[in-house]
There are 2 protein chains.
Amino acid sequence: MDNIRVIQIKQSIFADNDADAQKLRGQLKQEKTFLLNLMSSPGSGKTTTLLRTIERLKHQLRMGVMEADIDSSVDAEAISAAGVRTIQLHTGGMCHLDADMTRQGLRELGTEDLDLAILENVGNLVCPAEFDTGAVKNAMILSVPEGHDKPLKYPLIFTVCDALIINKIDVLPYFDFDMDKVRQYALARNPRLQIFPICAKSGEGVDAWCQWLKDQVSAWQTDTNP
Amino acid sequence: MDNIRVIQIKQSIFADNDADAQKLRGQLKQEKTFLLNLMSSPGSGKTTTLLRTIERLKHQLRMGVMEADIDSSVDAEAISAAGVRTIQLHTGGMCHLDADMTRQGLRELGTEDLDLAILENVGNLVCPAEFDTGAVKNAMILSVPEGHDKPLKYPLIFTVCDALIINKIDVLPYFDFDMDKVRQYALARNPRLQIFPICAKSGEGVDAWCQWLKDQVSAWQTDTNP
């Protein structure tokens, strides 16, 4: 806990979260800061994927990370040790973040000197998908042990995401996970989904994901359309 | 979908869910029906664990299963094929079940001739833990690939459960999962938690879990205290 700032974020008072999220994106556009919202189930490897992403991008982009958790700060400590600005958001039991909660976090993180801010959302495939955080892009991780049927059971999160990272491909031999089927099910939910099979532990496949993310940041910073 | 009844359950109108859950338990007590609420993350193996449980108990107990999902009926079809009465509950996007939603499901399932009704809750470690469904006992599954730190990050669900099933022990060699640590962290949250390491795929360890469940049903049916 020593060097991690822990912020208790409060439930939003805004009734219209979509409008609030749009407003937050407008502010981020002016600052030329790209916000990525990273979602997944508990234990799919969000933190390890972030660590690999930070290693590859921290010398090219000015990065900051917000770790949202119901409790504990173990992930924030790991991210902070990787050498990027990190804060821990405690949601006080809340199962998701909305735009105003995200804004509270960004204010504490400080974004004016950042190219890329990443929100690691609460581990949950259901509720985070229902709330626009104000992020420029949404990404999710599905790990091989969770099974290829998840786009059938948790459709909304696959619909709202721009990128799907399929993690833990090193354990494919030990699970009944059909990569073709998961692609088919996920793309049926969302044909524009970019899919990146990776092994965050070894780093396999992470370069392609990081290239996509870098391209998105670059487009956001140069595109003058609001 | 052929032989599976799909029930759209509606959000509860009751403000005091705890009182409503207590009332539902009283009704189940009169019918001598035991209700188990089974919770976990998406993909931890709830359905496979249920299939193994049904194989072992269906000739000793009259069983029925309610599969709660946001969408799809793939799990209910698998459970129904195992030869027990099964209904599919669609939550219409809701991330959890409360007591009144559970009551709607039980009414459709029909409980008067059942010893054991099992609710497979929505895959989510956060929200289902916050709502008493009226179940006699709560059980959760944590699978090895999710990691041993989950009791630190999702404390409430470990606190409200009576049994913790640790599934996918066959893949222990491929993950950094510390069985001693998970026991230590989980028991720190809840010292009375019963812990059952299993491999639902092979059936290893399932007997001990089923014996515990059978003992709970028996105690519920014979104990005359309300």
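Rules used in this analysis
- Residues numbered from 1 in each chain as written.
- Chains lettered and ligands numbered in written order.
- Predicted model: local features only at pLDDT ≥ 70, side-chain atom pairs only at ≥ 80, totals over all residues.
- Heavy atoms only, no water.
- Axes fitted to C-alpha atoms, helices over the stretch in contact; angles between N-to-C directions.
- Helix = DSSP H or I, 4+ residues; strand = E, 2+ residues; numbered from the N terminus.
- Parallel < 35°, antiparallel > 145°, perpendicular 65-115°, else oblique.
- Left-handed = near helix turned anticlockwise from the far one by under 90°.
- Contact = heavy atoms within 4.5 Å.
- Nonpolar A, V, L, I, M, F, W, Y, C, P; charged D, E, K, R; others polar.
- Pairing = 2+ DSSP bridges.
- Buried area = accessible area lost by both parts, 1.4 Å probe.
- Salt bridge = Lys/Arg side-chain N within 4 Å of Asp/Glu carboxyl O.
- Polar contact = N/O pair within 3.5 Å; in protein donor to acceptor, adjacent residues only side chain to side chain.
- Least-squares fit on C-alpha atoms with pLDDT ≥ 70 in both.
- Expected span 1.5 Å × (residues − 1).
- Buried < 20%, exposed > 50% of the residue type's maximum accessible area, 1.4 Å probe, protein only.

S.K.: Mind showing me how you'd approach the packing of helix H2 (residues 46–57) of chain A against helix H8 (residues 206–222) of chain A here?
M.R.: Helix-helix packing is characterised by the crossing angle of the two axes and by the distance between the axes. Residues and elements named next belong to chain A. At their nearest, the axes of H2 and H8 sit 10 Å apart, and the two run at 65° to each other. With respect to each other, H2 and H8 are oriented roughly perpendicular. As for the relative orientation of H2 and H8, their crossing is right-handed in sense. Here Thr49, Arg52, Thr53, Arg56 and Leu57 of H2 come into contact with H8, specifically with Val206, Asp207, Trp209, Cys210, Leu213 and Lys214. Partitioning the contact of H2 with H8 into residue classes produces five nonpolar, two polar and four charged.

S.K.: I'm lost on the sheet that holds strand S1 (residues 5–8) of chain B in this one. Help?
M.R.: Hydrogen bonding along the main chain pairs the strands of a sheet, whether they run parallel or antiparallel. Residue and element names in this part refer to chain B. The eight strands are arranged S1-S4-S3-S5-S2-S6-S7-S8 in an open sheet whose pairing can be described as parallel. In the strand order of this sheet, the two ends are held by S1 and strand S8 (194–197), each with one partner. Shown here is a sheet whose adjacent strand axes are inclined to one another by a mean of 20°, direction ignored. Relative to strand S5 (residues 116–120), strand S3 (residues 63–69) runs parallel, the two sharing five bridges. Residue pairing in the sheet places Val65 in a bridge with Ile118 of S5. Contacts from helix H2 (residues 46–57) reach strand S2 (34–40), S3, S5, strand S6 (137–143) and strand S7 (163–167) within the one sheet, and its direction differs from that of S3 by about 175°. Helix-sheet contacts for helix H8 (residues 206–222) involve S2, S5, S6, S7 and S8, and the interaxial angle to S2 is about 145°.

S.K.: Can you walk me through the interface of chain B and chain A in this structure?
M.R.: How big an interface is tends to be reported as the loss of accessible area on association of its parts. Taken together, the contact between chain B and chain A spans 32 residues of the former and 32 residues of the latter. Between chain B and chain A, the buried area comes to about 2,500 Å², and carbon and sulfur atoms account for 59% of it. On the chain B side of the contact with chain A, B:Pro42, B:Lys153 and B:Tyr174 bury the most area, a combined 23% of that side's loss. Between the two partners, chain B and chain A, sit two salt bridges. The salt bridge involving B:Asp75 is made with A:Lys153; its shortest N-O contact spans 2.8 Å. For the interface between chain B and chain A, the tally reads seven residue pairs in polar contact (both at pLDDT 80 or more). Elements with a contribution of two residues or more to the side of chain B that touches chain A: helix H3 (74–81) and helix H5 (150–153) of chain B.

S.K.: Is there a simple way to think about the relation of the copies chain B and chain A in this case?
M.R.: The two chain copies are related to each other by a rotation about an axis together with a translation along it. Relative to chain A, chain B is turned by 180° and slid 0.0 Å along the rotation axis, the superposed coordinates differing by an RMSD of 0.0 Å. In the structure described here, the two chain copies are related by an operation that fits a two-fold rotation axis. Both copies contact each other with a shared surface, as 100% of the interface residues of chain B are interface residues in chain A too.

S.K.: Got a minute to help me understand helix H1 (residues 17–31) of chain B in this structure?
M.R.: Each full turn of the α-helix corresponds to 3.6 residues, which orients residues three or four apart in the same direction. Residue and element names in this part refer to chain B. Taking 1.5 Å per residue, 15 residues should reach 21 Å; H1 reaches 21 Å between its end C-alpha atoms and fits that length. Within the sequence span of H1, burial applies to Asn17, Asp20, Ala21, Leu24, Arg25, Leu28 and Lys29. Those residues of H1 that are buried are in contact with S2, helix H4 (99–109) and H8. Just downstream of H1, Lys32 is the residue with a positive phi angle, here 55°.

By themselves, these observations are geometric and do not establish any function.
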